[in-house]
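Listed below, chain by chain, are the residues.
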Amino acid sequence: MEQLNIWFTNLLADNTIFNAQTLEYYAEGLATTVQLVFLSLVIGLVMAVPLAIARGSRRKWIKMPIFFYTYIFRGTPLLIQLYIIYYGVVFIDGIQDTWLWLILEEPFYPALIAFTLNTAAYTTEIFHGAIKATSKGEIEAARAYGMSRGLMMRRIILPSAFRRALPAYGNEVIFMLHASAIASVVTIMDLTGAARLVYARYYAPFDAFLFVAMLYLCLTFAILYLFRYLEKRMLAHLRPQS
């Protein structure tokens, strides 16, 4: 192990760009990117499930506000949403005198709010479409067993909808990973921010950004593999039998 460390140190010593300091920048950016994307996806998923159920309500006063929310956040660029939340918070009267300012003054949390609201809007529509596509036969069978609406939603509709929504949700996860690159515009040191720092220090755009592109590519392939595995397990009943 010690010989490996010596070899790695000597290798970095001969490299003017990818040295220990720049790799530390990339490691910090990777950790920030994974944390930001993971938290926004988890919180957005928790928000999207009840919103998707309410989106299918017959009462307009329930479904219309959710419709307008998803319409606005899906119809406007994520960068504009991030700018509004990051810069607009300052102009809320009295917020700098509250405990919220201790959180919102850090750029990570406005970015987390913008990413969460955006992915929650997309995920709501994904699950809403999957819930609407539930077979009538499944619903009638559940009713024949005497299931209540809540029990039917929990045991029949939501598990079935989640399986159908899995491919589309996998695309949403990858989209959020790629969209997280804009977090660097609000001074967050993510992967793209680390690449900008390396480029500004060494004036090597190809080396800095191609390396970070490879990191994004590795993360994308890991997500693809995970969702392919989940689809293989959860949609096994749809594969043709040999």
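Every value quoted in this text rests on a predicted model; they were computed, and no experiment measured them.

Criteria and cut-off values
Every chain begins its residue count from 1, and numbering advances along the sequence as written. Only residues with pLDDT of 70 or above have their local features reported here, since the model is predicted, and side-chain atom pairs are shown and tallied only from 80 upward, although totals for entire chains, interfaces and linings are computed over all residues. Values shown for side chains rest on all heavy atoms present in the structure; no hydrogens or waters enter the calculation. Throughout this description, a polar contact denotes any pair of N or O atoms lying within 3.5 Å of each other; where both atoms belong to protein, one of them has to be capable of donating a hydrogen while the other can accept it, and for residues adjacent in sequence the pair is counted only when both atoms sit in side chains. Secondary structure elements follow DSSP: runs of H or I of four or more residues count as helices, runs of E of two or more count as strands, with numbering from the N terminus. Three labels apply to residues, based on accessible area from a 1.4 Å probe with only protein chains included: buried if under 20% of the type maximum, exposed if over 50%, partly exposed otherwise in between. To obtain the arc, one takes the directions from the helix axis to the C-beta atoms. Residues count as neighbours in contact if any of their non-hydrogen atoms are within 4.5 Å of one another. Angles shown run from 0 to 180 degrees and are taken between the N-to-C directions of axes, each axis being a line fitted to C-alpha atoms and, for helices, limited to the stretch in contact. Should the near helix be turned anticlockwise from the far one by less than a right angle, the crossing is left-handed, and should it be turned clockwise, the crossing is right-handed. For this classification, the nonpolar set comprises Ala, Val, Leu, Ile, Met, Phe, Trp, Tyr, Cys and Pro, the charged set comprises Asp, Glu, Lys and Arg, and every other residue, Gly included, is treated as polar. UniProt positions are given in the numbering used here, feature names are shortened, and annotations may be inferred rather than shown by experiment. Only buried residues count toward a nonpolar core, which is a set of Ala, Val, Leu, Ile, Met, Phe, Trp, Tyr and Cys residues joined through side-chain atoms within 4.5 Å. Patches here: salt-bridge-free residues with over 30% relative accessible area, like charges joined within 9 Å, nonpolar side chains (Val, Leu, Ile, Met, Phe, Trp, Tyr) joined within 5 Å. Using a 1.4 Å probe, accessible areas were evaluated by the Shrake-Rupley method; residue-level cover was limited to the displayed protein chains. A carboxyl oxygen of Asp or Glu within 4 Å of a side-chain nitrogen of Lys or Arg is what we treat as a salt bridge. Working definition: a ring pair exists when centres of Phe, Tyr or Trp rings (six-membered ring for Trp) sit within 6.5 Å. Plane angles under 30 degrees give stacked, over 60 give edge-to-face, the rest tilted.

Caption draft 1: Spatial organisation of helix 7 (residues 136-144). Put simply, Ser135 is the residue that caps the front of helix 7, since its side-chain oxygen is 3.2 Å from the backbone nitrogen of Gly137. With its phi angle positive at about 80°, Gly146 sits one or two positions after the end of helix 7.

Caption draft 2: Geometry of helix 4 (residues 78-88). For helix 4, the full list of buried residues reads Leu78, Gln81, Leu82, Ile85 and Tyr86. Seen along its axis, helix 4 keeps its buried residues to an arc of 120°; they face one direction. Among the structural elements, helix 3 (60-75), helix 6 (108-132) and helix 8 (149-179) are those in contact with the buried residues of helix 4.

Caption draft 3: Region of interest: the packing of helix 2 (residues 20-55) against helix 8. The contact between helix 2 and helix 8 brings their axes to 12 Å, and the two run at 145°. Taken as a pair, helix 2 and helix 8 cross one another with a handedness that is right-handed. For the pair formed by helix 2 and helix 8, the contact residues are Thr33, Val37, Ser40, Leu41, Leu45, Val49 and Ile53 on the first element and Met153, Leu158, Tyr169, Val173, Met176 and Leu177 on the second. Looking at the contact of helix 2 with helix 8 residue by residue, the class counts come to eleven nonpolar, two polar and no charged.

Caption draft 4: Structural context of the UniProt feature "domain: ABC transmembrane type-1" (unreviewed entry) in the chain. If you check UniProt for "domain: ABC transmembrane type-1" (unreviewed entry), the listed places come out as residues 30-227 in our numbering. Structurally, residues 30-227 is divided into 80% helix and 0% strand, and its ends, taken at the C-alpha atoms, are 21 Å apart.

Caption draft 5: Region of interest: the nonpolar core. By size, the foremost hydrophobic cluster in this structure holds 40 residues, and its most contacted members are Tyr26, Leu36 and Phe115. Secondary-structure elements contributing two or more residues to this core are helix 2, helix 4, helix 5 (100-104), helix 6, helix 8, helix 9 (191-202) and helix 10 (205-234). Setting aside anything within four residues of it in sequence, one finds Phe115 in contact with Leu36, Ser40, Leu78, Met176, Ala179, Ser180, Ile182 and Ala183. In terms of nonpolar packing, the next biggest core, distinct from the first, is built from twelve residues, Ala130, Ile131, Ala142 and Met153 among them.

Caption draft 6: Here's a closer look at unusual backbone geometry. Positive phi outside glycine occurs at Thr187, with the angle close to 70°. Turning to its location among the elements, Thr187 is positioned in the loop between helix 8 and helix 9. Under the relative-accessibility criterion, Thr187 is labelled exposed at 62%. A positive phi angle, near 55°, is found at Tyr203, a position not held by glycine. Tracing the backbone through its elements, the reader meets Tyr203 in the loop between helix 9 and helix 10.

Caption draft 7: Quick look at a nonpolar patch on the surface. A cluster of nonpolar side chains, Val34, Phe38, Val42, Ile43 and Val46, forms an exposed patch at the surface whose accessible area comes to about 440 Å². If you trace the backbone, Ile43 turns up in helix 2. A residue is classified by how much of its surface remains accessible, and Ile43, at 37% relative accessible area, is partly exposed.

Caption draft 8: Quick peek at the pattern of salt bridges. Tallying each qualifying case throughout the model produces one salt bridge. Residues Arg55 and Glu125 are paired through a salt bridge, measuring 3.0 Å at the closest nitrogen-oxygen approach. One end of the pair, Arg55, is in helix 2; the other, Glu125, is in helix 6, and 70 residues separate them in sequence. The class of Arg55 is buried, set by a relative accessible area of 15%.

Caption draft 9: Seen up close, the packing of aromatic side chains. Following the criterion strictly, the structure yields twelve aromatic pairs and no others. Note on Tyr83 and Tyr87: the rings are 5.7 Å apart at their centroids and 40° apart in plane angle, and the pair reads as tilted. Taken together, the positions of Tyr83 and Tyr87, both in helix 4 and four residues apart, correspond to about one turn of that helix. Overall, Tyr83 belongs to the partly exposed group, its relative accessible area being 31%. Taking 4.8 Å as the distance between ring centres and 80° as the angle between the ring planes, the aromatic pair formed by Tyr86 and Tyr87 counts as edge-to-face.

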